[in-house]
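Remarks on the overall topology
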Amino acid sequence: MNTKNQMNHSVLSLLALIAVVFILYVLKPFIVPIIFAIILSVMIFPIQRFLEKKWRCNRLFATLTSIIVLFFITALIFALISTRLLYFMDNSEVYSQKLAELFHKFVNSIEHTFNIGNNRIFANQELKAENIIKDNLDKVGVVLSESSSLLGDLVLIPIYIFFFLYYRAFFRTFFYKAFKSKSKSFINSILKKIYEIQQNYLLGLLKVIVIVGCLNSLGLVLLGIGNPIFFGFLAALLLLIPYIGVIIGSLLPAIIALATKDSAWYAFGVIAVFGFIQFLEGNFITPKITGSKVSVNAFVVITSLVLFSMLWGITGMILALPITATLKILFDNTSGYEAYGFLIGEPIDKHLQSKARGRLKKWKSIRKTKNDA
């Protein structure tokens, strides 16, 4: 009977998971703006709290002022990015011609090395290097334009932010009523942990973006690449997409290096510099700044990136880490789900040590004890 009940419970859990994934996929236009609004509300809440406590402003004025500050900062960032991207796209014809010349030289060297007849490679008009490069540059511009207008398309986000900040006590009371079996102190503790981990992630990410942006810009300056500050901080902003963002961010300055420099080694230099800085960011900068508060292991990060990208595309990749960190807190504090919280978290030292090495140390200790005896 117990086996049958366990099987029924497993089937119901699987069906519930499928239903949740289906709902998340279908209701993406509704759910994603709300999640963005929650994260941005956490980010600007210190401004609201400062206005309410230090300046004694009423909640309505403090809420509107916080949203206006967020709006102007976001508008300024996207205006700068859009302006530079438009400049890049306006000069795409020049870049494509220079890249085509380099491509033809490369093809000619291959033909000469392997004794292939002249113009045998890519001789078809449709496979002309100019057409291939120009078409792909246009596609890159379209993708970047769509990505840069992500928050602009979600016009409901400011409205949601307003209500999350203005009605925050009202929503807290809702949680008290929805989870009557839990004490108010327990619910307050969970909400505080979620708030702290989101704020720590956002503030840590902001610091990392500034540091990585400065390092990227310095590397591009040393290589003599044009617009080093823009490309350096653009790549740093793309750290919002873990692991993959740096690859995307290095493509544009690498293309510029190919088109404007007399050697392809400059492009390899850009990729090498960005790769080295990414190594520093992943192994030293981010762990030092964020510490262990956002304790999600690398395997779960990569898995969540893949799953959320399949579910919500680029938006899902941006939201993957904050959502996963929040799920860890909920799992850790929900009876029966502690194992999932453990799986999401960072492994401790004993989980990473080799058993053979441990046995060797123990054997050496035994031999030393015998020799001393």
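Definitions and cut-offs
- Residues numbered from 1 in each chain as written.
- Predicted model: local features only at pLDDT ≥ 70, side-chain atom pairs only at ≥ 80, totals over all residues.
- Heavy atoms only, no water.
- UniProt positions renumbered as here; feature names shortened; annotations may be inferred.
- Helix = DSSP H or I, 4+ residues; strand = E, 2+ residues; numbered from the N terminus.
- Buried < 20%, exposed > 50% of the residue type's maximum accessible area, 1.4 Å probe, protein only.
- Contact = heavy atoms within 4.5 Å.
- Axes fitted to C-alpha atoms, helices over the stretch in contact; angles between N-to-C directions.
- Parallel < 35°, antiparallel > 145°, perpendicular 65-115°, else oblique.
- Left-handed = near helix turned anticlockwise from the far one by under 90°.
- Nonpolar A, V, L, I, M, F, W, Y, C, P; charged D, E, K, R; others polar.
- Salt bridge = Lys/Arg side-chain N within 4 Å of Asp/Glu carboxyl O.
- Core = buried A, V, L, I, M, F, W, Y, C linked by side-chain atoms within 4.5 Å.
- pLDDT = per-residue confidence, 0-100.
- Patch = residues over 30% accessible without salt bridge, like charges linked within 9 Å, V, L, I, M, F, W, Y side chains within 5 Å.
- Areas by Shrake-Rupley, 256 points an atom, 1.4 Å probe, with all protein chains shown as cover.
- Lys, Arg positive; Asp, Glu negative; His and termini not counted.
- Charge placed at Lys NZ, Arg CZ, Asp CG, Glu CD.
- Expected span 1.5 Å × (residues − 1).
- Bend = angle between axes of the 7 residues up to and from the residue.

Going by the annotation in an unreviewed UniProt entry, the name recorded for the protein is AI-2E family transporter, with Thalassobellus suaedae given as the source organism. A UniProt comment under Sequence similarities (unreviewed entry) is attached to the protein, and it reads "Belongs to the autoinducer-2 exporter (AI-2E) (TC 2.A.86) family." According to UniProt, the comment filed for the protein under the heading Subcellular location (unreviewed entry) is "Cell membrane".

1. What about the overall build of the protein?
Each helix and strand counted, the protein has 16 helices and zero strands in total. Evaluated residue by residue, the protein yields a buried proportion of 33% over its 373 residues. Relative to all contacts within the protein whose residues are 6 or more apart in sequence, the contacts with residues 24 or more apart total 69%.

2. A word on the UniProt feature "transmembrane region" (unreviewed entry) in the protein
Taking the numbering used here, the UniProt-annotated feature "transmembrane region" (unreviewed entry) corresponds to residues 7-24, 30-48, 60-81, 157-179, 200-223, 229-252, 264-286 and 298-321. Across residues 30-48, the secondary structure splits into 100% helix and 0% strand, with the terminal C-alpha atoms separated by 26 Å. With 91% helix and 0% strand, residues 157-179 has end C-alpha atoms that lie 27 Å from one another.

3. Quick notes on the packing of helix H2 (residues 28-53) against helix H14 (residues 314-332)
For the pair H2 and H14, interaxial distance at closest approach is 11 Å and the crossing angle is 50°. Judged on the interaxial angle alone, H14 and H2 are oblique. Here H2 runs over H14; the crossing is left-handed. The residues of H14 that touch H2, namely those facing Val32, Ile35, Phe36 and Ile39, are Thr315, Ile318, Leu319, Pro322 and Ile323. For the contact of H2 with H14, the residue count by class is eight nonpolar, one polar and no charged.

4. Remarks on the pattern of salt bridges
Applying the stated rule across the entire model yields three salt bridges. For Arg59, the salt bridge identified is with Glu52, shortest N-O distance 3.7 Å. Residue Arg59 is classed as partly exposed on the basis of its relative accessible area, which comes to 29%. Using a relative accessible area of 17% as the deciding quantity, one classes Glu52 as buried. For Lys328, the salt bridge goes to Asp332, with nearest N and O atoms at 2.8 Å. Residue Lys328 and its partner Asp332 are located together in helix H14, separated by four residues, close to a single helical turn. Judged by its relative accessible area of 14%, Lys328 falls in the buried class.

5. Observations regarding the side chain of Thr324
Residue placement: Thr324 occurs in helix H14. Given a relative accessible area of 4%, Thr324 falls into the buried group. If we skip the residues at most four places from it in the chain, Thr324 touches Val296, Val300, Ser304, Phe308 and Ile344.

6. Looking at the nonpolar core
Counting residues in hydrophobic clusters, the biggest one holds 49 residues, and the most contacted among them are Ile35, Ile161, Val212, Val296, Trp312 and Leu319. Those elements that place two or more of their residues in this core are H2, helix H3 (59-90), helix H7 (157-166), helix H9 (184-223), helix H12 (265-290), helix H13 (298-312) and H14. Apart from residues lying up to four places away in sequence, Trp312 is in contact with Leu24, Tyr25, Lys28, Ile31, Val32, Ile35, Leu319 and Ile323. Membership of the second largest hydrophobic core comes to 20 residues, among which are Leu234, Val246, Leu252 and Val270.

7. Re the confidence of the model for the protein
When pLDDT is averaged along the protein, the result is 81; 80% of the residues meet or exceed 70. Here residues 123-127 is a poorly scored stretch, pLDDT under 50, and it has four contacts once near neighbours within four places are set aside; other chains count. Overall, residues 142-149 carries pLDDT values under 50, and its contacts beyond four positions in sequence, including any with other chains, amount to five contacts.

8. A closer look at a positive patch on the surface
Taken together, the side chains of Arg49, Lys53, Lys54 and Arg56 define a basic patch exposed on the protein surface. Turning to its location among the elements, Lys53 is positioned in helix H2.

9. Focus on H14
Between its terminal C-alpha atoms H14 stretches 28 Å, which fits the 27 Å expected from 19 residues at 1.5 Å a residue. Along H14, the sharpest change in direction is near 45° and occurs at Ala320; proline Pro322 comes one to four residues later. Taken across its 19 residues, H14 has 14 buried, putting it largely inside the fold.

10. Side note on the environment of Gln97
Inspection of the secondary structure puts Gln97 in helix H4 (residues 92-113). According to the relative accessible area criterion, Gln97 is partly exposed, its value standing at 45%. With 162 residues separating them in the primary sequence, Gln97 and Ala259 have C-alpha atoms 8.4 Å apart.

11. Quick notes on the side chain of Thr63
Tracing the backbone through its elements, the reader meets Thr63 in helix H3. On the accessibility criterion, Thr63 (0% relative accessible area) is buried. The residues touching Thr63, leaving out its near neighbours within four places in the chain, are Gln48, Phe162, Leu165 and Tyr166.

12. Quick look at unusual backbone geometry
In terms of backbone geometry, most residues other than glycine have negative phi values and most peptide bonds are trans. One non-glycine residue, Arg56, lies in the positive phi region at around 60°. Along the polypeptide, Arg56 turns up in the loop between H2 and H3. For Arg56, a relative accessible area of 71% corresponds to the exposed category. One non-glycine residue, Asn227, adopts positive backbone phi at about 50°. Tracing the backbone through its elements, the reader meets Asn227 in the loop between H9 and helix H10 (228-237). The partly exposed category is assigned to Asn227, whose relative accessible area is 32%.

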